[in-house]
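The primary structure of each chain is shown beneath.
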Amino acid sequence: MKYILVTGGVISGVGKGVVASSFGTILKSCGIHVTAIKIDPYINIDAGTFSPYEHGEVYVLDDGGEVDLDLGNYERFLDITLDKDNSITTGKIYQQVINRERKGEYLGKTVQVVPHITNAIIEWVEKVASRPVKNSWDDDSPGSIPEVCIVELGGTVGDIEGRPFTEAFRPFSRKNHDSFCVAHVSYVPQPHATMEQKTRPTRQSVKELQDCGLLPDLLVCRSEQPIPQPVKEKISDFCNVGIDEVVCLHDQSSIYYVPLMMEKQGLVQYFHKRLGLTFNLPPPRNFMQNWHTLVEKLETVRQELKIALVGKYIKLHDAYSSVIKALEHAALAANYKISIQFVDAENLERTMEKSNPDLYHASWLKLCKSDGVIVPGGFGKRGMEGKIETCKWCRTAKKPFLGICLGMHAAVIEFSRNMLGLAGASSTEMDPRTIHPVISDMPGHTNVDLGGTMRLGKMKTVFSSNHPDSIMLKLYGSKESIKERHRHRYEVNPDYIKKLEANGLKFVGTDEALERMEIMELDSKVHPYYVATQFHPEYLSRPMKSSPPFLGLILAAGGKLNSYLNEGCTLSFTDTIFGESQVSSTTSAGSESSPSLHVMSPPSASEKVTSSLSDLHIPI
């Protein structure tokens, strides 16, 4: 087994997750089986109880693991399926060691950070690294044994929380020198006063890493502007790494440029030499062709759609990271550029009209100017009435709408109030005493503990035979069932289902027991696209396999949904990059094998992408 440890310095949020994912992308393109582990030094057991303002969104895995959003990057870039053990936290490690101590497994010895905690860390890494990893589109496959494990250490080198982990890898790196590589990601600032890129923070960061007993084999330097050769040489000299071991990544318009930037700087040859990996060199002419196709489309798509995202955590866009990525994937599949308009749900409420009318009307204007609307998941009462007002406006104005989890709850509440005449209809989450609890707690749910008590993970949704003309059924390839990931503790109250359906709100998908409502929609004759799901389809969206509900929203917003459905759910258009070549996207069973991009005839100028990377400048 080969290991790549990714650490970060100078500042947090420097892009370690994207760098680690890009390493994996390059290696997987070489035919190497890859797995990934994220280490978060916080004491929490997992990310499930975090506020989105703490660490961004909580990403959910197939097995129900609630993890850091970086695991979402791993899965999207590598198109693999990870599990909760691919996420390591200080809390998990200490919990394991304490449980062992209580059972007497340490034979009365004093339990200490070294060697017991550090040994537990390495033991966990080695065990997970040896597990088979499945491709995301193949649930039935036993998976492949990884050849390389990429381990990302969260936080910044020198943090006290991370010291047990760096100490664990210190002897491990020495024992496995030829199979272990340390890639240190550092930030190279450029103060506006001098407009000169400063290398001192990187040098200090490397020194901090060396103080932990780890030597960087590879330096990945992040910057706003391209790093010139003299600065690169200075970093090489002072940090004791070769000039070819300094990889420079300046800001790009999309994270999907990063693997190609790395490949251009010789990462394939470097990993072949440093880790002794076996694959053909030089890479074939069509190496990473899918990624070249992807970024060339990013550069050339011109027609723009505005999608309003109505949420309560919009001050931190990472709170909706997977939703944003899923919108981008769908827009690209449909040949659109996307502009996401973030709208605070609280600003759409009637109380805001009185307290701050300027903000109220400005928010509604942004919503009205959009081509489509999405109300994503969330928790809590704040902003709920604004989401309900959004659902009402989308329904009556026939604006393309997608609701996810809490967005579905808001749509059901709005329909109950305004179409069924159930004044005061609400969710027991928002109003435990409501006289019309159209959204209620799941059976058997308890509020004693919050962490891990929701309905979590990948579960089957069965389409109803009563709705053969369902839009969602067609978008998912007219299959009897699909599998999507869930994260919720409230759902549509079964006592109101018949009344809701009798008035036009169709529940076209349920769980296997036919008890939980999973997908709702309005008839296409009534509304062009008014759809909501209890599950979170954004978690299974991939750059080259967009999620069907998101693709439906984009197509409806662009006025192409009917033709797409009438043509058998096949997109066919002339790509602006390749001239005569065609790009098609075809829906197949479930989101795990949802629409993907296929190049029918490969382009002849694949070098065009990497030669134009330096012209772009927006943060990764």
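Per an unreviewed UniProt entry, the protein chain goes by CTP synthase and derives from Bemisia tabaci. Its UniProt record gives the protein chain the following Catalytic activity (unreviewed entry) comment, quoted word for word: "UTP + L-glutamine + ATP + H2O = CTP + L-glutamate + ADP + phosphate + 2 H(+)". In its Sequence similarities (unreviewed entry) section, the UniProt record describing the protein chain reads: "Belongs to the CTP synthase family."

Novice: Would you explain the overall build of the protein chain in this entry?
Specialist: A count of helical and extended segments in the protein chain gives 21 helices and 26 strands. Relative to its length of 620 residues, the protein chain is compact, with a C-alpha radius of gyration of 25 Å against a globular reference of 25 Å. The buried share of the protein chain, taken over its 620 residues, is 60%. Counted over contacts in the protein chain with a minimum sequence separation of 6, partners at least 24 positions apart contribute 73%. For the protein chain, the accessible surface area stands at approximately 25200 Å², while carbon and sulfur atoms represent 49% of it. The centroid of the 67 positive side-chain charges in the protein chain is displaced by 1 Å from the centroid of its 74 negative side-chain charges.

Novice: In this structure, what is going on with the sheet that holds strand β8 (residues 148-153)? I would like to understand it.
Specialist: In any sheet, the strands associate via hydrogen bonds between backbone groups, in a parallel or an antiparallel arrangement. Pairing in this open sheet of seven strands is parallel, and the strands run β6-β2-β8-β1-β9-β10-β11 from one edge to the other. Looking at which strands have only one partner, the edges of the open sheet turn out to be β6 (87-89) and β11 (246-250). Taking each pair of neighbouring strands and ignoring which way they run, the sheet shows an average axis angle of 20 degrees. Relative to β11, strand β10 (residues 218-223) is paired through five bridges, and the arrangement is parallel. Note that in β11 the partner of V220 across the bridge is V247. The strands touched by helix α3 (residues 70-78) are β2 (34-40), β6 and β8; relative to β2, the strand with the most contacts, the crossing angle is about 170 degrees.

Novice: Just to check I follow, could you spell out the nonpolar core for this structure?
Specialist: A general trend in soluble globular proteins is that nonpolar side chains are found buried together. Among the nonpolar cores identified, the biggest contains 57 residues, and I4, F23, M262, L267 and F271 are the most heavily contacted of them. For this core, the element with the most residues is helix α1 (residues 16-29), which contributes six residues. Of all hydrophobic cores here, the second largest spans 46 residues; its members include A334, C405, I482 and L561.

Novice: Explain the sheet that holds strand β17 (residues 437-441) to me, please; I cannot follow it from the model alone.
Specialist: In spatial order, the strands read β16-β17-β20; together these three strands make up an open sheet with mixed pairing. Looking at the sheet topology across the chains shown, the edges are occupied by β16 (426-427) and β20 (490-492). Pairing between β16 and β17: two bridges, direction parallel. Looking at the pairing, S427 lines up with I439 of β17. Contacting β16, β17 and β20, helix α16 (residues 406-418) runs over the sheet at an angle of about 150 degrees to β17.

Novice: Looking at this structure, how should I read the pattern of salt bridges?
Specialist: A side chain with one charge may pair with a side chain of the opposite charge, provided their charged atoms come close. Tallied over the full model, the rule gives 28 salt bridges. Where R131 meets D83, a salt bridge forms, and the shortest distance between an N and an O atom there is 3.5 Å. With R131 in the loop between α5 (113-129) and β7 (134-135) and D83 in the loop between β5 (80-81) and β6, this residue pair connects regions lying 48 residues apart in the sequence. Ionic pairing is found between R170 and E167, a salt bridge with its closest N-O pair at 2.7 Å. Of the two residues, R170 and E167 are both situated in helix α6 (residues 163-175); the distance of three residues between them amounts to about one turn of the helix. Assessed through its relative accessible area of 29%, R170 is described here as partly exposed. Of the residues examined, E167 reaches a relative accessible area of 22% and is grouped as partly exposed.

Novice: What should I look at first to understand unusual backbone geometry in this one?
Specialist: At the junction of V114 and P115, the peptide bond is cis and its omega measures out at 20 degrees in the coordinates. Along the chain, P115 turns up in helix α5. In this structure, M288 is a non-glycine residue whose phi angle is positive, near 55 degrees. Looking at the secondary structure, you find M288 in the loop between α10 (267-274) and α11 (289-300). Since its relative accessible area comes to 6%, M288 is described here as buried. The phi dihedral of K398 is positive, around 55 degrees, even though this residue is not glycine. Secondary-structure assignment places K398 in the loop between α15 (384-397) and β15 (401-404).

Novice: Help me out: how do you make sense of the environment of I374 in this one?
Specialist: By the element assignment, I374 lies in strand β14 (residues 372-375). Look at I374 and you get buried, because its relative accessible area is 0%. Separated by 144 residues in sequence, I374 and P230 place their C-alpha atoms 47 Å apart. Every residue in contact with I374, bar those within four places of it in the chain, is listed here: I307, A308, L309, V310, V323, L327, L402, I404, F550 and L553.

Novice: Honestly, the packing of α1 against α10 in this entry has me stumped. Any pointers?
Specialist: Each pair of packed helices can be summarised by the angle the axes make with each other and by the distance between the axes. With their axes 10 Å apart at the nearest point, α1 and α10 run at an angle of 80 degrees to one another. Accordingly, the angle class assigned to the pair α1 and α10 is roughly perpendicular. Touching F23, I26 and L27 of α1 are L267, V268 and F271, all from α10. Taken together, the residues that form the contact of α1 with α10 break down as six nonpolar, no polar and no charged.

Novice: Mind showing me how you'd approach the side chain of H488 here?
Specialist: With respect to the element layout, H488 can be found in strand β19 (residues 481-488). Every residue in contact with H488, bar those within four places of it in the chain, is listed here: C405, M442, M454, R455 and Q534.

Conventions we followed
- Residues numbered from 1 in each chain as written.
- Predicted model: local features only at pLDDT ≥ 70, side-chain atom pairs only at ≥ 80, totals over all residues.
- Heavy atoms only, no water.
- UniProt positions renumbered as here; feature names shortened; annotations may be inferred.
- Helix = DSSP H or I, 4+ residues; strand = E, 2+ residues; numbered from the N terminus.
- Rg over C-alpha atoms; globule rule 2.2 N^0.38 Å.
- Buried < 20%, exposed > 50% of the residue type's maximum accessible area, 1.4 Å probe, protein only.
- Contact = heavy atoms within 4.5 Å.
- Areas by Shrake-Rupley, 256 points an atom, 1.4 Å probe, with all protein chains shown as cover.
- Lys, Arg positive; Asp, Glu negative; His and termini not counted.
- Charge placed at Lys NZ, Arg CZ, Asp CG, Glu CD.
- Pairing = 2+ DSSP bridges.
- Axes fitted to C-alpha atoms, helices over the stretch in contact; angles between N-to-C directions.
- Core = buried A, V, L, I, M, F, W, Y, C linked by side-chain atoms within 4.5 Å.
- Salt bridge = Lys/Arg side-chain N within 4 Å of Asp/Glu carboxyl O.
- Parallel < 35°, antiparallel > 145°, perpendicular 65-115°, else oblique.
- Nonpolar A, V, L, I, M, F, W, Y, C, P; charged D, E, K, R; others polar.

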